[in-house]
Amino acid sequence: MDAASLTKLFPVLQTLGEKALKALIGEGSLVRREAGAILMRRGETCPHVPLVLSGVLRVYKLSPGGREMTLYRAEAGDTCLVSVACKLTGEDFPAIAQVEEDAEMFLIPGGVYQRTLEGHLPWKDFVIMTLYRRLAESLQVLESVTFERVDRRLAAWLLERAAQVGSATLRVTHEQIAAELGTAREVVSRMLGEMRHQGWLEMGRKRVTIADRGALEDLL
């Protein structure tokens, strides 16, 4: 791993100075993981703090009944806040971290992180700002789960996801949508069925196609 590539995505590391940065890179490791790989499970000890170079990580909670609830995603230029918190508190990982899209990461060993970054003020500022963004996103999710109707939240998610991928056809399962909305799969399936009956959506195996964008927008 070269310093230029790492600091391009994480400019805050430039504040370490050349010697400390070189030592950090020398003791870290570059890894690649395919989509679907589990990085951390609940109750495991966090051996590393990952810096995401490409791809997407998803951190989620799993209920006793098997329902998933997405907490946040980490993309290029992000770190995993839960891993950082685990290093600060010494506690085990409280959720599940999974690779959602093929990812490349630079892993900083726990001891190196504590020695090099834990007390570094610019890094703390970076973590605080990242935490603020995640908190704002979580508050939006909490507000929508608490106050908004499921059909509105579903319509908003479908439209937002379609805009992200640049296509009206989404490769997604009912379970995945339920995890994003924080509700039961049965609720999502019922709502999708109603929208299909209205002619707003077309359905297939692991596929949802927006057929009437205007109708979904009218729900918002």
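From a predicted model like this one, the values you see are computed outputs, not experimental measurements. Counting restarts for each chain, with residues numbered from 1 along the sequence as it is written. For this predicted model, a pLDDT threshold of at least 70 governs which residues receive local features, and a threshold of 80 or more governs which side-chain atom pairs are given and counted, while totals over whole chains, interfaces and linings are taken from all residues. Computation of side-chain values: all heavy atoms of the structure, hydrogens and water removed.

**Here we look at the packing of aromatic side chains**
Each aromatic ring pair is described using two quantities: the centre-to-centre distance and the angle formed by the ring planes. Selection criterion: Classification of ring pairs uses Phe, Tyr and Trp, with its six-membered ring standing for Trp, and accepts pairs whose centres are within 6.5 Å; under 30 degrees between planes counts as stacked, over 60 as edge-to-face, and the remaining range as tilted. Secondary structure is summarised from DSSP: a helix means a run of H or I of at least four residues, a strand means a run of E of at least two, and numbering begins at the N terminus for each. Three exposure classes are used, based on accessible area relative to the maximum for each residue type with a 1.4 Å probe and protein chains only: buried under 20%, partly exposed in between, and exposed over 50%.
Tallied over the entire structure, the rule returns three aromatic pairs. Judged by centre distance (6.1 Å) and plane angle (75°), the ring pair of Y113 and W123 falls under edge-to-face. Highlighted residues: Y113 in helix α4 (residues 110-116) and W123 in helix α5 (residues 121-147), separated in sequence by ten residues. An identical accessibility class is assigned to Y113 and W123; each is buried. Taken together, a centroid distance of 5.1 Å and an interplanar angle of 40° make the contact between W123 and F126 tilted. Note that W123 and F126 are positioned in helix α5 at a spacing of three residues, about one turn of the helix.

**With respect to the side chain of D78**
Structurally, D78 can be placed in the loop between β4 (68-75) and α3 (81-89). According to the relative accessible area criterion, D78 is buried, its value standing at 12%.

**Re the packing of helix α6 (residues 150-165) against helix α7 (residues 174-181)**
Stated formally: In this analysis, axes come from line fits to C-alpha atoms, helices being fitted only over the stretch in contact, and the angle between any two N-to-C directions falls in the range 0 to 180 degrees. Our angle categories are set so that under 35 degrees counts as roughly parallel, over 145 as roughly antiparallel, 65 to 115 as roughly perpendicular, and the remainder as oblique. When checking whether two residues touch, look at their non-hydrogen atoms; a contact exists if any pair is within 4.5 Å. Only Asp, Glu, Lys and Arg are considered charged, only Ala, Val, Leu, Ile, Met, Phe, Trp, Tyr, Cys and Pro nonpolar, and every remaining residue, Gly among them, polar.
At a minimum axis separation of 11 Å, α6 and α7 run at an interaxial angle of 110°. On the basis of their axis angle, the class for α6 and α7 is roughly perpendicular. On α7, the residues touching R153, L154 and W157 of α6 are I177, E180 and L181. Partitioning the contact of α6 with α7 into residue classes produces four nonpolar, no polar and two charged.

**Details of the layout of surface pockets**
Cut-off, in case you're wondering: Grid points spaced at 1 Å and placed over the protein atoms alone form the basis of the search, with a cavity being a set where a 1.4 Å probe fits but cannot get out and a pocket an open set showing protein on both sides within 12 Å along at least five of seven lines. Lining residues have an atom within 4 Å of a point. Grid points are joined across faces, edges and corners, and a volume is the space filled by probe spheres set on the points.
Of the voids in this model, the second largest pocket is the one considered here, and its volume is about 220 Å³. Forming the walls of the second largest pocket are 15 residues, and the residues nearest its centre are L39, M40, H48, P50 and L107. Here the residues of the lining of the second largest pocket are counted per class, giving twelve nonpolar, two polar and one charged.

**Re the nonpolar core**
For clarity, the cut-off: Here, nonpolar core means buried Ala, Val, Leu, Ile, Met, Phe, Trp, Tyr and Cys residues that are tied together by side-chain atoms lying within 4.5 Å of each other.
Core analysis: the largest hydrophobic core is formed by 31 residues, its most contacted members being L6, L13, L51, V59, F93, I108 and W123. Counting only elements with at least two residues in this core, the list comes to α2 (18-27), β3 (48-62), α3, β5 (96-109), α4 and α5.

**A word on the sheet that holds strand β7 (residues 201-204)**
The cut-off we apply is this: In this analysis, strands are considered paired if DSSP registers two or more bridges between them.
With antiparallel pairing, the three strands of this open sheet are ordered in space as β6-β8-β7. The open sheet has two edge strands with one neighbour each: β6 (169-170) and β7. Bridge analysis of β7 against strand β8 (residues 207-210) gives four bridges, and the strand direction is antiparallel. Across the sheet, the residue bridging to M203 is V208, located in β8.

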